[in-house]
Amino acid sequence: MLLPAMTAYADDDARAWSALRDGSAVLMLRHALAPGTGDPANFTLGDCSTQRNLNEQGREQARAWRSYLAGHGITRARVYSSQWCRCMETAKGMDVGPVTPWPALNSFFRNRSEGGMATRTTISLVNELDAGAPVILVSHQVNITALTGVYPASNEGVIIALPLSDNPTVLARVTPGS
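Residues numbered from 1 in each chain as written. Predicted model: local features only at pLDDT ≥ 70, side-chain atom pairs only at ≥ 80, totals over all residues. Heavy atoms only, no water.

**Q** Help me get a handle on the side chain of Arg86, residues and values and all.
**A** Among the secondary structure elements, Arg86 is positioned in helix 3 (residues 85–94). Among the polar contacts made by the side chain of Arg86, one reaches the side chain of His31 at a distance of 3.3 Å. With residues up to four places along the chain from it excluded, the contact list for Arg86 reads His31, Ala34, Gly38, Asp39, Arg52, Asn53, Leu54 and His140. (Helix = DSSP H or I, 4+ residues; strand = E, 2+ residues; numbered from the N terminus. Polar contact = N/O pair within 3.5 Å; in protein donor to acceptor, adjacent residues only side chain to side chain. Contact = heavy atoms within 4.5 Å.)

Here it is as structure tokens:
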């Protein structure tokens, strides 16, 4: 009984990866492991010493994306990231393309009232992108959950069908090593 179900999941994942490669989906992932919750009270954007940052395991997780993506046929991508240091370090550690900071992907953990605007802005920006290399968004749990309803673990991603909407279709949940 389990084999047909496993085959169905594998087929779904294959379709999700194909959609990401052909530009009909995006990959949105939560930054790699940065122990703790939220940010210190003295948080300052652009000053990593005031933020929760990746630990060595988190840096290894970020680097693991490169071979994981390559194994799915993606060696170059357009990468957009939250400006938080842990997201930028994750995005750069993936080493699949230049990283563009995107304020719409910034965490709204401290101010949940900003979530609706950030989500709508993300939807709009993604839907306005020109065709090209696959798109990867590096963000935070609150952002991903607000958009998709998925509560991702650190370093977990979701492949989401395009165009994005208020009720997007999650094609797969993915993590290097899974």
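**Q** Please provide a residue-by-residue account of the state of the cysteines, values included.
**A** One pass over the full model with this rule turns up one disulfide. The thiol sulfur of Cys87 is not disulfide-bonded, and the nearest other cysteine sulfur, from Cys85, lies at 9.4 Å. On the basis of relative accessibility, which here comes to 0%, the residue Cys87 falls in the buried class. (Disulfide = S-S within 2.5 Å. Buried < 20%, exposed > 50% of the residue type's maximum accessible area, 1.4 Å probe, protein only.)

**Q** With reference to specific residues and values, describe the pattern of salt bridges.
**A** Within this structure, the stated rule accounts for six salt bridges. The residue Glu89 makes a salt bridge to Arg59 at a minimum N-O spacing of 3.7 Å. On the criterion of sequence distance, the pair formed by Glu89 in helix 3 and Arg59 in helix 2 (residues 56–71) is long-range, its members being 30 residues apart. We classify Glu89 as partly exposed; its relative accessible area is 27%. Here Asp95 ties to Arg66 by a salt bridge, and the two come within 3.8 Å at their closest N and O atoms. With a gap of 29 residues between them, Asp95 in the loop between helix 3 and strand 3 (99–101) and Arg66 in helix 2 connect regions that are remote in the sequence. (Salt bridge = Lys/Arg side-chain N within 4 Å of Asp/Glu carboxyl O.)

**Q** How would you explain the nonpolar core if you had to name every residue and give the values?
**A** By size, the foremost hydrophobic cluster in this structure holds 26 residues, and its most contacted members are Leu27, Leu69 and Ile136. Looking at this core, the elements that each hand over two or more residues are helix 1 (2–22), strand 1 (25–30), helix 2, helix 3, strand 4 (135–139) and strand 6 (170–174). Contacts of Leu69, omitting those with residues within four sequence positions, involve Trp17, Leu27, Ile74, Met94, Val96 and Ile136. (Core = buried A, V, L, I, M, F, W, Y, C linked by side-chain atoms within 4.5 Å.)

Scope: geometric values only; no functional claims are made or implied.
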